[in-house]
Each structure stands twice: as structure tokens, then as C-alpha cells.
Amino acid sequence: MNNTLSVVVLISGKGSNLQALIDAAKVESYPARISAVISNRDDADGLRRAQDAGIAWKVLSHRDYADRESYDRALMELIDSFNPGLVALAGFMRILSEDFVQHYYGRLLNIHPSLLPKYKGLNTHQRVLDRGERQHGASVHFVTLELDGGPLVLQSQVLVLSGDTAETLAARVLEQEHIIYPQAVKWFAEGRLKLVNGVAMLDSKQMNHGTH
Ligand code: GRF
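Residues numbered from 1 in each chain as written. Predicted model: local features only at pLDDT ≥ 70, side-chain atom pairs only at ≥ 80, totals over all residues. Heavy atoms only, no water.

Details of the packing of helix H1 (residues 16-25) against helix H6 (residues 166-189)
Angle between the axes and distance between the axes: these two values describe a pair of packed helices. Threshold: Between N-to-C directions, angles span 0 to 180 degrees; the directions come from axes that are lines fitted to C-alpha atoms, helices contributing only their stretch in contact. We count a stretch as a helix when DSSP gives it H or I for four or more residues in a row; a strand needs E for two or more, and each element gets its number in order from the N terminus. If an angle is under 35 degrees, it is roughly parallel; if it is over 145, roughly antiparallel; if it lies from 65 to 115, roughly perpendicular; otherwise it is oblique. Left-handed describes a crossing whose near helix is turned anticlockwise from the far helix through less than a right angle; right-handed describes the clockwise counterpart. Any pair of residues with heavy atoms lying within 4.5 Å of one another is described as a contacting pair. Under the convention adopted here, Pro, Cys and the residues Ala, Val, Leu, Ile, Met, Phe, Trp and Tyr are nonpolar, Asp, Glu, Lys and Arg are charged, and Gly plus all remaining residues are polar.
The geometry of H1 relative to H6 is characterised by a closest axis approach of 9 Å and an angle of 50° between their N-to-C directions. Classified by the angle between their axes, H1 and H6 sit oblique to one another. The interaxial crossing formed by H1 with H6 has right-handed handedness. Of H6, the residues touching H1 (which contributes Ser-16, Asn-17, Ala-20, Leu-21 and Ala-24) are Leu-174, Glu-177, His-178, Tyr-181, Pro-182 and Val-185. Partitioned by chemical class, the residues of the contact of H1 with H6 number seven nonpolar, three polar and one charged.

Brief notes about the packing of aromatic side chains
Heads up, the condition is: Side-chain rings of Phe, Tyr and Trp (the six-membered ring for Trp) are treated as a pair once their centres are within 6.5 Å; stacked means planes under 30 degrees apart, edge-to-face means over 60, and tilted covers the remaining angles.
The tally for this structure, following the rule as stated, stands at three aromatic pairs. Judged by centre distance (5.5 Å) and plane angle (70°), the ring pair of Tyr-65 and Tyr-71 falls under edge-to-face.

Some points on the site of the ligand
Definition in use: Working definition: residue near molecule or strand if any one of its non-hydrogen atoms lies within 4 Å of it. As used in this structure description, the phrase polar contact means that two N or O atoms lie within 3.5 Å; if the pair is within protein, one of them must be able to donate a hydrogen and the other to accept it, and residues adjacent in sequence are counted only when both atoms belong to side chains. Per-residue and other accessible areas follow the Shrake-Rupley method at a 1.4 Å probe size, with only the shown protein chains counted as cover for residues.
The immediate surroundings of the ligand are formed by Lys-14, Gly-15, Ser-16, Asn-17, Gly-91, Ile-111, His-112, Pro-113, Leu-174 and Glu-177. The separation between an oxygen atom of the ligand and a polar main-chain atom of Gly-15 is 2.7 Å. Taking 370 Å² as the accessible area of the ligand by itself, protein coverage stands at 83%. Listed by contribution, the elements that provide at least two residues to the shell around the ligand are H1, strand S5 (108-112) and H6.

In C-alpha cells:
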């Protein structure tokens, strides 16, 4: 298909969300394809997933750059060499510079393991347990300058069960991530999902999030 959306996926680790996107894109009718996977770490397991799927992959180590701005400039150049319509962050453990976020504004998605705006940042599962929350989940959002604060696209909830550990909770949240991320990318590729004046719109209607 010629009208499929080209997506570059950025990872730092396991790449299970990358795998979910790879698997979704195996279906012929899926409107996006992954043109490249880029990791800032050469030991990221996700690189093997890209290799196994026959997808181009690159390592661009932040250790080779003096500061965030110069790394992000090189990263932008590398990403743009694949000419993507969408950049999907999938466990990319880097804070992004203002220039980077602005460059990809409206075509940069992230998946976060909490029901944003609750539990921005790291160690979300343990923090949810420590606070005695009954509900937890995952969110896909457009990336803006506020860390984990961009407009929400899709969320999925899980119940916190008695006896849950950070690991068991993370596993159930990940199952949901693997459903909602390919769905959000599909909507974006179909042209149904857009960021308009800082608001996430689906089919020209403001997205409604009643889950938090
Ligand atoms: C996921 O929990 C994602 O929400 C977060 O980082 C984790 C990445 O997992 N941003 P994986 O590398 O996709 O398995």
C-alpha cells in the first residue's frame, strides 16, 4: 500500500510496545508501517524485535553527545532521514528538548503507564500501590513541552488487586498498553486523530476522557 503512514519508533529497552506496533502492522489493512526503530541504548532488547521483523534499526547513543540539545539535533536528523509522518515514543527514557518537541509537534505520541494526569514520571506502579489506589492504567498522549502532560488520546483502566506487586500490576497495565497504542496509531494514520490548537480531536470532536 502506498498510502500507509510511515512511523519511526523510539525505544530504550524491552520494546514490548514496539512489538505490539509491529504485530498490528502485520495486518494488511493496518494503515501504518514502521520505517525505523531508533534506540539510545545499544543493549535495548527492542532492537532484536526490529531485526527479527526486518525493520531498519539504529542506535544513537546519548553518551556520544555533549548535551541534550546536540543529541536531540542528531536524533532529529536521523529520524527525518526516514521521513516519518509520526514519531512514536515507546519506552524512550529521555527527556526531550524544546526544539525536538516543537519540531514534531502534532506528530509525536507517547505511551505512559498511568492514568494521566495522575502519576507522571517514573515508578508509577509502585507509587499507585503506595497510595492505595483502586484503579490504575495506561495513557496515550500527544507530546508537548510539559513532561507527560500533553493532550490525552486514549486511556485504559485496570483494577488494582489485593496482593498486587509493582511487577504484577505492570504486567496487567502493559497488556492494556499493547491494545491502546496500536489503536491510537491507527486513528492517527487514518487521519481521524489530530492535534488541533493544542486539543486532541478524533473525527473533528474533542476527545472526552471520563476516566480520572
Ligand atoms: C511502558 O510501560 C511504557 O508505558 C513506558 O515505558 C514502558 C516501556 O515498555 N513509557 P516496553 O519497552 O514497551 O516494553
